[in-house]
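Residue-level structural notes
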Amino acid sequence: MDTLLLSRLQFAITAAFHFIFVPLTLGLSILIAYMETKYLRTGDKDYLRMAKFWGRLFIINFALGVVTGITMEFQFGMNWAEYSRYVGDIFGSPLAIEATVAFFLESTFLGVWIFGWNRISPKMHALSIWLVALATNLSALWILIANGWMQNPVGYVINNGRAEMVDFWAVVTNPYGLLKFGHTVLSGWVVAGFFVLGVSAYHILRKNETEFFKKSFKIGVIFALVSSILVAGIGDFHAKEVAATQPTKLAAMESLWETTKDAPMYLLLIPDQKNERNSVEAIGIPSMLSILAGQKEVRGLKDFPPSERPPVTLTFISFRLMVGLGFLFILLSLWALVKSKRIENSTTLLRILLWSIPLPYIAAQLGWIVAEVGRQPWIVYGLLKTSDAISKSVEPSQVLASLIGFTLFYGALGVIDIYLLAKYARKGPQPKEV
Amino acid sequence: MEFQVIWFILWGLLWAVYFALDGFDFGAGILYPFIAKNEMDKRAVIHAIGPVWNGNEVWLITAGGATFAAFPTTYAYMFSYLYTPLLIILFALILRGVAVEFRPKAPTEAQKKLWDAGILIGSFIPALLFGVAFGNIFMGLRFDESGYYGTLFSLLNPYGLLVGLLFLFSFIVHGGLWVSLRVPNSLAEKALSRAKKFWYPQLICAILFLILTAFYTRLYDNFIKYPIWFFVPTLAVVFLLLTGVMIRKNKKGKAFICSALFIITLVFSGVIGLYPNLIPSAIDPKYSFTIFNSSSSPYTLKIMTIVVIIFVPIVLFYQAWTYKTFMYKITEKELKEENY
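The rules behind each value
- Residues numbered from 1 in each chain as written.
- Chains lettered and ligands numbered in written order.
- Predicted model: local features only at pLDDT ≥ 70, side-chain atom pairs only at ≥ 80, totals over all residues.
- Heavy atoms only, no water.
- Contact = heavy atoms within 4.5 Å.
- Buried area = accessible area lost by both parts, 1.4 Å probe.
- Salt bridge = Lys/Arg side-chain N within 4 Å of Asp/Glu carboxyl O.
- Helix = DSSP H or I, 4+ residues; strand = E, 2+ residues; numbered from the N terminus.
- Buried < 20%, exposed > 50% of the residue type's maximum accessible area, 1.4 Å probe, protein only.
- Pairing = 2+ DSSP bridges.
- Polar contact = N/O pair within 3.5 Å; in protein donor to acceptor, adjacent residues only side chain to side chain.
- Domains from an automatic or database assignment.
- Nonpolar A, V, L, I, M, F, W, Y, C, P; charged D, E, K, R; others polar.
- Phe/Tyr/Trp six-rings, centres within 6.5 Å; stacked < 30°, edge-to-face > 60°.
- Lys NZ or Arg CZ within 6 Å of the ring centre and 35° of its normal.

Time to look at the interface of chain A and chain B. Across the contact, 70 residues belong to chain A and 61 residues belong to chain B. Where chain A abuts chain B, roughly 6,000 Å² becomes buried across the two surfaces, and 75% of that area is made up of carbon and sulfur atoms. Sorting the residues of chain A by area buried against chain B places Phe74, Phe104 and Phe115 of chain A first, and these three jointly supply 13% of that buried surface. Inspection of the region where chain A meets chain B yields zero salt bridges.

Given below as structure tokens:
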């Protein structure tokens, strides 16, 4: 195997692993901040216990999110030196701004929140978790502005053999990046909503601290429902933006080979990339694809040379599954909302919710597969190929060693983290003070 | 002043602040298994760095991000040339972070032991290797227009190792002082006595560094050209000596501040010597990555300067507030009730 393939595998593994922990952080921080504020407003100690219980799970999850994030920053230079040299003038800025504006705030005030219970005023303490929540989501904004630029490069000229920024405002307000920010952050909120629902369901089923977990459930269900609806809504706008800026990705998402007017959407479809066709196309909804893409005529993959097409089957299946899961989240959270008053009686629903905890995580991963695999063979769409972005001075043996290292190390850390999360989630909150 | 020069100073500043802050976390982590022999002591040392280590580490992320944004060519080649050593540092930093966070939550003794080892290894390796890396950057890396010729082992040369040891001992002293400020008394005495002990090898390494730098590097060229800048390494020497004096006088707070200022002036001494290089080529200076041939466009540097001028003071302000909030002596009672 060559450096390119190994580096791509390593980036995929380390990015996917990092994004197991990020989404929960995005949403759960807001819920904890809400709980602690509710405690301050009402004086109801249950909300304090709630902030502490969910806060402990937050911290366990956060630890791995942070440490695996450093890998992402280092890797651009280590494995993708030509990319870094070529785009650093633009891409480096949002990363540096993320660290300066958001990550400092997040890390510093999380430390304050964890260790500050008896050291600062209750108001200041609640403010610190709000700052964590704000900073976490702000952090996502800058990272997705950076990623948005890879998807739809704007505000640059090619100069001195590299891309140079000429319009910072265009980079920051890149519609692709902003839509992706909304879509990604909301997907994290869905993860958090279903996490709270699932863990609460576990305890309600066991009649452990029922009142406490019903209160948590109520907060979780509204958050999950609103986020599920919004993530789908923004997803729709996002798809239209993809259609306008990345025709090859959209065609791969829908496995559309021929440029088609009033393109239909087939509910049942099996792509056949080798023969540039679909082996199965059935149950078509007339014009549906054109409507979703916001284009009368949707361009097919055959409009582009094979060397500029992404892997179709993986992109297509990931997209379909993600969308399917997205609808499922709306239905599930709607069902949970309807039953939430007497949720302890709906044991089937509770069981479903418990087993649904992993689903939004999977949907988020699938979304990233669509975004990153669907962009191939480009690392910066239309501008720089992934194969030209690699570090020339790094030997395949070095990357093989680091890839094995990451796989083993991350694997072990993942097991430990999930074990700790499950342990403390099962343990439940601290008993009420008498 | 040109933006490249401003960013060179900022680049040095970010690294200097990073080492002055995370340096004591590393030192505390290295001393941890040697001074904390029972559960309460162990909790105390972890608690001493617990509220701040993560915020300290962000200075590294920012230093990396700033290198990427301001000097992308340097970032690209520094990180890919130093692939394996950076990977080892990265793994160690991951291990340290996870160990510090998970140790208090580990349910069994066996797991606690595992994280204890993680804290030690994860603190020791970056402390040493960051020094080795900077030592090699001071010397220059072996590269020309067609690539890099060094290996992991060629980095472990006598001068690189000397700078590694200088960093290591400096961080141990720094960490010992920080711990002595925060933990209950008997443990604080132990930490202080370690700081006292490790100050000697720190001093020896610093003297050797001053001498051998003349033989192994070109850092002195700038100082000879502009002798006014000798005040920075002179200050470093003064702060190092003052650290020792204050330790002996049992003035822990002042000793800690002097130790921090020593680290900052030490890093700046190196950075001044490097100017205008970011990574000199040991093969021929014409291949060196300098702040002029590896920087971003003036437009990008201007934007980034504005961001930094606004936000870094804000960060310094709230981090200072955090330090003020947590700069108290942890009590036994607090440790017993501890429940993350």
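Right, let's talk about the pattern of salt bridges for a bit. All names here are of chain B. Applying the stated criterion across every chain, the model contains 26 salt bridges over all chains. Across the pair Glu109 and Lys112 runs a salt bridge whose closest N-O atoms are separated by 3.9 Å. Of this pair, Glu109 and Lys112 both sit in helix H6 (residues 109-139), separated by three residues, roughly a single helical turn. Since its relative accessible area comes to 52%, Glu109 is described here as exposed. Judged by relative accessible area, Lys112 falls into the buried class, the value being 14%. In this structure, a network of salt bridges that share partners links the residues Glu39, Lys42, Arg43, Arg103, Glu109, Lys112 and Asp116.

All names here are of chain A. Summarising the sheet, strand S1 (residues 156-159) and strand S2 (residues 162-165) pair through four bridges and their orientation is antiparallel. For Asn159, the partnering residue across the bridge sits in S2 and is Arg162. Connecting S1 to the antiparallel partner S2 that follows it, the hairpin turn spans two residues, and Asn160 within it adopts a positive phi of roughly 50°.

Mapping Thr300 of chain B onto the fold places it in helix H13 (residues 298-326). Residue class for Thr300 of chain B comes out buried when judged on its relative accessible area of 0%. Of note is the side chain of Thr300 of chain B, whose polar atom sits 2.7 Å from the side chain of Asp89 of chain A. Beyond its immediate chain neighbours, meaning those up to four positions away, Thr300 of chain B contacts Asp89, Ser93 and Met165 of chain A together with Ala69 of chain B.

With that out of the way, let us pick up the domain arrangement of chain A. Residues and elements named next belong to chain A. Here chain A is described as being made up of domain 1 (80-173) and domain 2 (177-394). Between domain 1 and domain 2, the C-alpha centre-to-centre distance is 24 Å. Counting residues at the interface gives 21 residues for domain 1, matched by 26 residues for domain 2. Counting the surface lost from both domain 1 and domain 2, the interface buries some 2,000 Å², and carbon and sulfur atoms represent 66% of this. Looking only at domain 1, the three residues that lose the most surface to domain 2 are Trp80, Leu144 and Gln151, adding up to 33% of its buried area. Between the two partners, domain 1 and domain 2, sit one salt bridge. Between Glu82 and Lys392 there is a salt bridge, with its nearest N and O atoms 3.9 Å apart. At the boundary of domain 1 with domain 2, the tally comes to 12 residue pairs in polar contact (both at pLDDT 80 or more). Counting residues per element, the side of domain 1 that touches domain 2 draws most heavily on helix H4 (residues 122-151), which supplies nine residues. When the residues that make up the side of domain 1 that touches domain 2 are grouped by side-chain class, the tally is 14 nonpolar, six polar and one charged.

This structure, assessed with the given rule, holds 65 aromatic pairs over all chains. Relative to Phe223 of chain A, the ring of Trp189 of chain A lies with its centre 5.5 Å away and its plane at 25°, an arrangement referred to as stacked. With a gap of 34 residues between them, Trp189 of chain A in helix H6 (residues 175-205) and Phe223 of chain A in helix H7 (residues 210-245) connect regions that are remote in the sequence. Relative accessible area serves as the criterion here: at 14%, Phe223 of chain A is assigned to the buried category. With a centroid separation of 6.2 Å and 20° between ring planes, the pair formed by Tyr159 of chain B and Phe209 of chain B is classed as stacked. Of this pair, Tyr159 of chain B sits in helix H8 (residues 158-182) while Phe209 of chain B sits in helix H9 (residues 185-216), and the two are 50 residues apart along the sequence. Judged by relative accessible area, which is 8%, Phe209 of chain B ranks as buried. Within the aromatic cluster, the residues linked to one another by ring pairs are Trp15, Tyr18, Phe19, Phe26, Phe130, Phe134, Phe138, Tyr159, Phe167, Phe171, Phe209 and Tyr216 of chain B. Over the ring of Tyr47 of chain A we find Lys215 of chain A; its NZ or CZ atom is 5.2 Å from the centre of that ring.

Residues and elements named next belong to chain A. Within the fold, Ser340 resides in the loop between helix H10 (312-339) and helix H11 (347-355). Judged by its relative accessible area of 10%, Ser340 falls in the buried class. Polar side-chain contacts of Ser340 include one of 3.0 Å to the backbone oxygen of Leu337. Setting aside its immediate chain neighbours within four residues, Ser340 contacts Lys214 and Phe217.

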